[in-house]
Amino acid sequence: AQARAACGASLVSKEGHPSPGTRAAAMPTFRYAVRALARSPLFTAVAIVSLALALAVNTTVVAALACLGPVRQAIRANPVEILRAS
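Residues numbered from 1 in each chain as written. Predicted model: local features only at pLDDT ≥ 70, side-chain atom pairs only at ≥ 80, totals over all residues. Heavy atoms only, no water.

### Details of the overall build of the protein chain
Just so we agree on the cut-off: Numbering of helices and strands starts at the N terminus; helices are DSSP runs of H or I of at least 4 residues and strands are runs of E of at least 2. To sort residues, take the accessible area from a 1.4 Å probe on protein chains only and compare it with the maximum for the residue type: under 20% means buried, over 50% means exposed, and anything in between is partly exposed. Only the protein chains shown count as covering a residue, and every accessible area follows the Shrake-Rupley method with a 1.4 Å probe.
Helix and strand counts for the protein chain come out as 4 helices and 0 strands. Overall, the protein chain shows an N-to-C arrangement of helices and strands of α-α-α-α. Residue burial in the protein chain is summarised as follows: out of 86 residues, 3% are buried. Accessible area of the protein chain: about 7,600 Å², with a carbon and sulfur share of 70%.

This is the structure:
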């Protein structure tokens, strides 16, 4: 127990408050954030929709670039042939 305390592994301070960086210390902040979002439903909806759109666009771009990978490799392998075909 002394070795753990010396390494800073104590989860509760001497005053009985949770140490920073623990789940118990983050819970009041999380509850405050949820209450703040519940107070402004329009902002919450806009934030959720914008995050969903950003995720969808990012996924689409990554998928499109993954599909273009073989095309880019073909262009690098034989650029003269690509120019003659067009």
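### Structural notes on a nonpolar patch on the surface
The condition that has to hold: Exposure above 30% relative accessible area and no salt bridge define the residues that can form patches, which grow by joining like charges within 9 Å and nonpolar side chains of Val, Leu, Ile, Met, Phe, Trp and Tyr within 5 Å. Criterion for a salt bridge: a side-chain nitrogen of Lys or Arg within 4 Å of a carboxyl oxygen of Asp or Glu.
The grouping of Val-57, Val-61, Leu-65, Leu-68, Val-71 and Ile-75 at the surface amounts to a nonpolar patch, some 500 Å² of accessible area in total. On the secondary structure map, Leu-68 appears in helix 3 (residues 41-77). Judged by its relative accessible area of 43%, Leu-68 is partly exposed.

### A word on the confidence of the model for the protein chain
This is how the line gets drawn: The predictor reports its confidence for every residue as pLDDT, a score running from 0 up to 100. Only heavy atoms matter for contacts: two residues are in contact if any of them lie within 4.5 Å across the pair.
In the predicted model, the protein chain carries a mean pLDDT of 78, and 71% of its residues have values of at least 70. Throughout residues 1-6 the model reports pLDDT below 50, and contacts reaching past four residues in sequence, or to other chains, amount to 2 contacts.

### Quick word on helix 3
Stated formally: Every helix has an expected span of 1.5 Å times one less than the residues it contains. The quantity called bend is, for any residue, the angle between two axes fitted respectively to the seven residues ending at it and the seven beginning at it.
With 37 residues, helix 3 ought to run about 54 Å at 1.5 Å a step, and its terminal C-alpha atoms sit 54 Å apart, in line with that. The largest bend along helix 3 reaches roughly 35° and is located at Gly-69, with the proline Pro-70 sitting one to four residues downstream.

### Some points on the packing of helix 2 (residues 23-39) against helix 3
Each pair of packed helices gets described by two things: the angle between the helix axes and the distance between those axes. Put simply, the rule is: Fitted lines through C-alpha atoms serve as axes, helices being fitted only where they are in contact, and the angles separating the N-to-C directions of these axes extend from 0 to 180 degrees. Roughly parallel here means an angle under 35 degrees, roughly antiparallel means over 145, roughly perpendicular means 65 to 115, and every remaining angle is called oblique. Amino acid classes used here: Ala, Val, Leu, Ile, Met, Phe, Trp, Tyr, Cys and Pro are nonpolar; Asp, Glu, Lys and Arg are charged; the rest, including Gly, are polar.
Following both chains from N to C, one finds helix 2 and helix 3 inclined at 105°, their axes separated by 5 Å at the closest point. The orientation of helix 2 with respect to helix 3, classified from their angle, is roughly perpendicular. Of helix 3, the residues touching helix 2 (which contributes Leu-37, Ala-38 and Arg-39) are Pro-41, Phe-43 and Thr-44. In terms of residue class, the contact of helix 2 with helix 3 is made up of 4 nonpolar, 1 polar and 1 charged.

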